[in-house]
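Structural characterization, general
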Amino acid sequence: KDDEKKGIHLTDEEFAAKKAELKAERAEMSKKLASYGGKGTWFVVGNRINEQNGAELKRATELGMEIGIHGWSHIFFDRNPDLLMSELQQTSDAIYKATGQRPFLFRPPGGNFTDKQVTDITYPVILWSLDTEDWKLKSNRTEEERSDNVRKIVDNIRREVKDGSIILMHEIYNNSYDAFCLIIDELSKEGYVFVTVSELIGDELSAGHKYTFWPYR
């Protein structure tokens, strides 16, 4: 890479949202990244994948996005350890059916996962270094509130972002797409490039380990 470029990784959870009004935004996030030559990793909830959004998921992979597992039913695995392996397999099967590719990354819902579980599974565990808190800023009852919350999400990123950040966002929330587009525009002007987890961590990515941050080399 160019020595002056700084790499960050954008991760989007719960890609296969049930809310129909967000369908277009899911596809647009991938297009937005691709328009800058960027990529991201989408962690998906398996039981929300259907024929329609499965096609969107496949299109995301065609644009270079990476698909990871976020569980089958979005339960916390530290509290439900007996369901871990079946949820991983079910979600892997659903992703494969939709995209023709097996996922090889996992993000536990809420980040709730024991150290033993990290070493028990055959997937690298991907957490985050920067929470946008879009899940706190989802209200848009008025245009003023929407605009204010979108800016707060962007500002949360601007305060903490640095080379190697793994950024957490959720496309199921109403204001996330607008904030996503703004931050992509702003950070690209500052020399940041947008890469997948695999591109960010490279050959050192391996099962039995968890990752929250990785300087882009």
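Along each chain, residues carry numbers from 1 onward, in the same order as the chain's sequence is written. Under the rules for a predicted model, residues below a pLDDT of 70 receive no local features and side-chain atom pairs below 80 are neither given nor counted, while totals for whole chains, interfaces and linings still include all residues. Side-chain calculation: all heavy atoms of the structure are included, whereas hydrogens and water are not.

**Let's talk about helix H5 (residues 143-160)**
Each helix corresponds to a stretch of at least 4 residues labelled H or I by DSSP, and each strand to a stretch of at least 2 residues labelled E; elements are numbered beginning at the N terminus. Helix span is expected to be 1.5 Å times the residue number reduced by one. With 18 residues, H5 should cover 26 Å at 1.5 Å per step; its first-to-last C-alpha distance of 26 Å lies within 8% of that length. Any residue under 20% of the maximum accessible area for its type is buried, any over 50% is exposed, and the rest in between are partly exposed; the area is computed with a 1.4 Å probe on protein chains only. For H5, every residue scored as buried is listed here: Asn 149, Val 150, Ile 153, Val 154, Asn 156 and Ile 157. For H5, the arc enclosing every buried residue in end-on projection is 150°, short of the 170-degree limit, so these residues lie on one face. Exposed positions of H5 whose direction lies more than 90 degrees from the buried face are Glu 144 and Arg 159. In what follows, a contact means two residues having at least one pair of non-hydrogen atoms within 4.5 Å. Where the residues of H5 are buried, they touch strand S5 (130-131), strand S6 (166-170) and helix H6 (176-188). Note that the arc is computed from the directions linking the helix axis to the C-beta atoms.

**A word on the pattern of salt bridges**
What makes a salt bridge here is a side-chain nitrogen of Lys or Arg within 4 Å of a carboxyl oxygen of Asp or Glu, nothing more. A complete count under the given rule lists 16 salt bridges for this structure. One salt bridge in this structure joins Lys 32 and Asp 185, with 2.9 Å as the shortest N-O distance. Of the two residues, Lys 32 sits in helix H1 (residues 23-35) while Asp 185 sits in helix H6, which places them 153 residues apart along the sequence. We classify Lys 32 as buried; its relative accessible area is 18%. Across the pair Arg 146 and Glu 143 runs a salt bridge, and its minimum N-O distance is 2.8 Å.

**With respect to helix H3 (residues 84-99)**
Think of an α-helix as 3.6 residues a turn; residues three or four steps apart then line up on the same face. Counted at 1.5 Å a residue, the expected span for H3 with its 16 residues is 22 Å, and the 22 Å between its end C-alpha atoms agrees. Along H3, the residues that are buried comprise Leu 84, Glu 87, Leu 88, Thr 91, Ser 92, Ala 94, Ile 95, Ala 98 and Thr 99. Around the axis of H3, the buried residues are gathered within 165° of arc, so they sit on the same side. Where H3 is buried, its residues contact strand S2 (41-44), helix H2 (51-62), strand S3 (66-69) and helix H4 (115-120). One or two residues past the end of H3 sits Gly 100, with phi positive at roughly 80°.

**Describing the packing of aromatic side chains**
Two rings from Phe, Tyr or Trp (for Trp, the six-membered ring) form a pair when their centres are within 6.5 Å of each other. A pair whose planes differ by under 30 degrees is stacked, one over 60 is edge-to-face, and the rest are tilted. All chains considered together, the criterion is met by four aromatic pairs. Note on Phe 77 and Phe 113: the rings are 6.4 Å apart at their centroids and 80° apart in plane angle, and the pair reads as edge-to-face. Taken together, the residues Phe 77 in the loop between S3 and H3 and Phe 113 in the loop between H3 and H4 connect sequence positions 36 residues apart. When the ring of Tyr 211 is compared with that of Trp 214, the centres are 5.8 Å apart and the planes differ by 65°; the resulting orientation is edge-to-face. A residue is classified by how much of its surface remains accessible, and Tyr 211, at 5% relative accessible area, is buried. Counting every residue linked through ring pairs, the aromatic cluster contains Phe 77, Phe 106 and Phe 113. When the ring centre of Tyr 96 is taken as reference, the NZ or CZ atom of Arg 102 above it lies at 4.7 Å. Comment: the charge-over-ring label is applied if NZ (Lys) or CZ (Arg) is within 6 Å of the ring centre and within 35 degrees of the ring normal.

**So, the confidence of the model for the protein chain**
Mean pLDDT over the protein chain stands at 88; residues scoring 70 or higher make up 89%. Ranking the helices and strands of the protein chain by mean pLDDT puts H3 first, with 98, and strand S1 (residues 6-13) last, with 67. This stretch, residues 14-23, has a pLDDT under 50; its non-local contacts, to residues over four places away or in other chains, come to 34 contacts. Residue-level confidence of the predictor is summarised by pLDDT, bounded by 0 at the bottom and 100 at the top.

**Some thoughts on unusual backbone geometry**
One non-glycine residue, His 74, adopts positive backbone phi at about 60°. As for its position among the elements, His 74 is in the loop between S3 and H3. Overall, His 74 belongs to the partly exposed group, its relative accessible area being 26%. Even without being a glycine, Glu 133 presents a positive backbone phi close to 60°. Tracing the sequence through the fold places Glu 133 in the loop between S5 and H5. Residue Glu 133 is classed as partly exposed on the basis of its relative accessible area, which comes to 28%.

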